[in-house]
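Fold and geometry: a report
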Amino acid sequence: MNNSIISRKKIKEIIDNPDKVSELSLNNIKFLISNAREILKKEPNLIKIGHSGKLLFVGDIHGNFESLVSIQSLISRNEYNYYEKIIFLGDFVDRGPMQLESINYVLLLKIYFPNKVILLRGNHETTSMNEYYGFYNVVYGRYGQELYNNYSDLYGAFPLALITESRIFCVHGGLPENLEKIEQINDLNRFLSDIDIDNLMLMQLIWNDPTEDIQFFTDSFRGIGIKLFGEKAFRDFISRNNIKLFIRAHEAFLQGYKYFFDNKLLSIFSAANYRAGNQAHVVEINKNLDIKLIKIG
Ligand SMILES: [Mn+2]
């Protein structure tokens, strides 16, 4: 077998046995990144899906491979047919102990199940975050600059948002200040390794947070250009766009999830013990929009 190419059989073997992700060679990882990029880059900024079965939404992973293994045990039921789609809301890397393993594992899922698995971009899928919060050092230290460049080229390929036929909308961060219709998201140029204030709407999609304390928008403690959005702005947005449920990630609440705005917004976090003792949750939703929060390890 050519060392650089991973067979479908080998990919499935790793998906079934997540600990084997550490067996990937440097050339295997390069192959993985370039293949995932080819698939992701063809997807629109705003992914639209229909569904008749169950969906699973997954929040921040941040290099917590144990939490990802718990998720694998959920999604592998019925030979990976228990869920119709599995939507990851980004932030695969930075901070946690097994960042490379975590991103490589979700890329393997994407390659093997390109239509079932959806990977959205988080604010940590950017070069400036990686420099401060660990992923750059992890990759550079183990494999050198070139492999890091491959990951940073991959970031722009991740789509930004998802809308279901049942009108669930999701992004990593939150509602941007000037987003009227969700279709505007498709007008953004997402193919950037880093995202800053020059790409304000893009930045706000992956960075903004909800708050019950205000009605519209206010500056965020997180940085220049980033906003907190309040209930009136949120309600106007969901009514304009006929959205029934807004799901986002990005904040590590102690319980692993938190509802806002009379349960119309659900925030989830899927890395356990990211802060001392925080729980991790994923959320299962069927076609009637019944919500089941599932605690993971
Ligand atoms: Mn985040």
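A few points on the structure.

Rules used in this analysis
Each chain carries its own residue numbering, running from 1 in the written order of its sequence. It should be noted that, the model being predicted, local features are given only for residues of pLDDT at least 70 and side-chain atom pairs only at 80 or more, the latter also being counted only at that level, while totals for whole chains, interfaces and linings use all residues. Side-chain metrics rest on all non-hydrogen atoms present in the structure, leaving aside hydrogens and water. Distances up to 2.8 Å from the metal define which N, O and S atoms are donors, and 3.2 Å serves for Na, K and Ca; water is absent from the atom set, so sites may look incomplete. Numbering goes from the N terminus for both helices and strands, where a helix is a DSSP run of H or I of at least four residues and a strand is a run of E of at least two. Throughout, exposure labels follow a simple rule: accessible area from a 1.4 Å probe, protein chains only, divided by the maximum for the residue type, with under 20% read as buried, over 50% as exposed, and the rest as partly exposed. A pairing counts as a salt bridge when a side-chain nitrogen of Lys or Arg comes within 4 Å of a carboxyl oxygen of Asp or Glu. Lining residues are those with an atom within 4 Å of a point, where the points come from a 1 Å grid over the protein atoms alone and group into cavities, where a 1.4 Å probe fits but cannot get out, or pockets, open sets with protein on both sides within 12 Å along at least five of seven lines. Grid points are joined across faces, edges and corners, and a volume is the space filled by probe spheres set on the points. Side-chain classes are defined by residue name, with Ala, Val, Leu, Ile, Met, Phe, Trp, Tyr, Cys and Pro counting as nonpolar, Asp, Glu, Lys and Arg as charged, and the others, Gly among them, as polar. Only rings of Phe, Tyr and Trp enter the pairing, Trp through its six-membered ring, and a pair is recorded when the two centres are within 6.5 Å. The plane angle decides the type: under 30 degrees is stacked, over 60 is edge-to-face, the rest tilted. Lysine and arginine charges are scored as sitting over a ring when NZ or CZ, respectively, is within 6 Å of the ring centre and within 35 degrees of the ring normal. The set of buried Ala, Val, Leu, Ile, Met, Phe, Trp, Tyr and Cys residues whose side-chain atoms join them within 4.5 Å is what this entry labels a nonpolar core. Two strands are said to pair when DSSP picks up at least two bridges between them. The axes used here are C-alpha line fits, helices contributing only the stretch in contact, and every angle between their N-to-C directions lies in the interval 0 to 180 degrees. By definition in these notes, contact holds between two residues if any of their heavy atoms fall within 4.5 Å. Within this analysis, patches are made of residues with over 30% relative accessible area and no salt bridge. Like charges are joined at 9 Å or less; nonpolar side chains (Val, Leu, Ile, Met, Phe, Trp, Tyr) at 5 Å or less. Throughout, the Shrake-Rupley method with a 1.4 Å probe supplies accessible areas, and for residues the shown protein chains are the sole cover considered.

Quick look at the coordination of the manganese ion now. At this site the manganese ion is bound by D91 (OD), N123 (OD1), H172 (NE2) and H250 (ND1), with donor distances of 2.1 to 2.3 Å. The sequence motif formed by the donor residues of the manganese ion is D-x31-N-x48-H-x77-H. Taken together, the positions of N123 in the loop between β4 (117–119) and α6 (127–133) and H172 in the loop between β6 (168–171) and α9 (200–207) put the pair 49 residues apart, joining distant regions of the chain. A relative accessible area of 1% places N123 in the buried class.

This part is about the pattern of salt bridges. Where side chains of opposite charge bring their charged atoms close, a pairing between them can arise. Applying the stated criterion across every chain yields a total of 18 salt bridges. The closest approach of N and O atoms between K10 and E23, which form a salt bridge, is 3.1 Å. One end of the pair, K10, is in helix α1 (residues 8–16); the other, E23, is in the loop between α1 and α2 (26–41), and 13 residues separate them in sequence. A salt bridge links K30 to E146; the nearest nitrogen and oxygen atoms lie 3.4 Å apart. In this pair, K30 sits in helix α2 while E146 sits in helix α8 (residues 145–155), placing the two residues 116 residues apart along the sequence. Through salt bridges that share partners, K10, E13, K20 and E23 make up one connected network.

A word on the layout of surface pockets. Empty space within the largest pocket amounts to approximately 290 Å³. Counted by class, the lining of the largest pocket contains eight nonpolar, four polar and six charged residues. If you add up the space inside the second largest pocket, you get close to 170 Å³. Of all the secondary-structure elements, those providing two or more residues to the lining of the second largest pocket are α6 and α9. Broken down by class, the residue content of the lining of the second largest pocket amounts to seven nonpolar, four polar and one charged.

Under the defined criterion, the tally for this structure stands at 22 aromatic pairs. Through pairs of rings, three or more aromatic residues link up here, namely F169, F229, F234, F237, F246, F253, F260 and F261. Over the ring of Y112 we find R8; its NZ or CZ atom is 4.0 Å from the centre of that ring. Across from the ring centre of Y82, 3.8 Å away, lies the NZ or CZ of R77, which sits over that ring.

Our next topic: the nonpolar core. Inside soluble globular proteins, nonpolar side chains tend to come together where they are buried. Counting 52 residues, the largest nonpolar core has F88 and Y151 as the members making the most contacts within it. A per-element tally of this core places helix α5 (residues 99–112) first, with nine residues. Membership of the second largest hydrophobic core comes to 30 residues, among which are A161, F229, F234 and F253.

Strand order in the open sheet formed by five strands is β4-β3-β2-β13-β14, and the pairing between neighbours is mixed. Of all strands in the sheet, those bounded by a partner on one side alone are β4 and β14 (291–296). Mean inter-strand twist for the sheet, computed between neighbouring axes without regard to direction, equals 20 degrees. The pairing of strand β2 (residues 55–58) with strand β13 (residues 280–285) spans four bridges and is classified as antiparallel. Bridged to V58 within β13 is V282. Running at roughly 130 degrees to β14, helix α3 (residues 65–75) makes contact with β2, β3 (85–88), β13 and β14 of the sheet. Where α5 meets the sheet, its contacts fall on β3 and β4, and the angle it forms with β4 comes to roughly 130 degrees.

On the surface, I197, L200 and I224 cluster together into a nonpolar patch covering about 290 Å² of accessible area. Classification of L200 as partly exposed rests on a relative accessible area of 35%.

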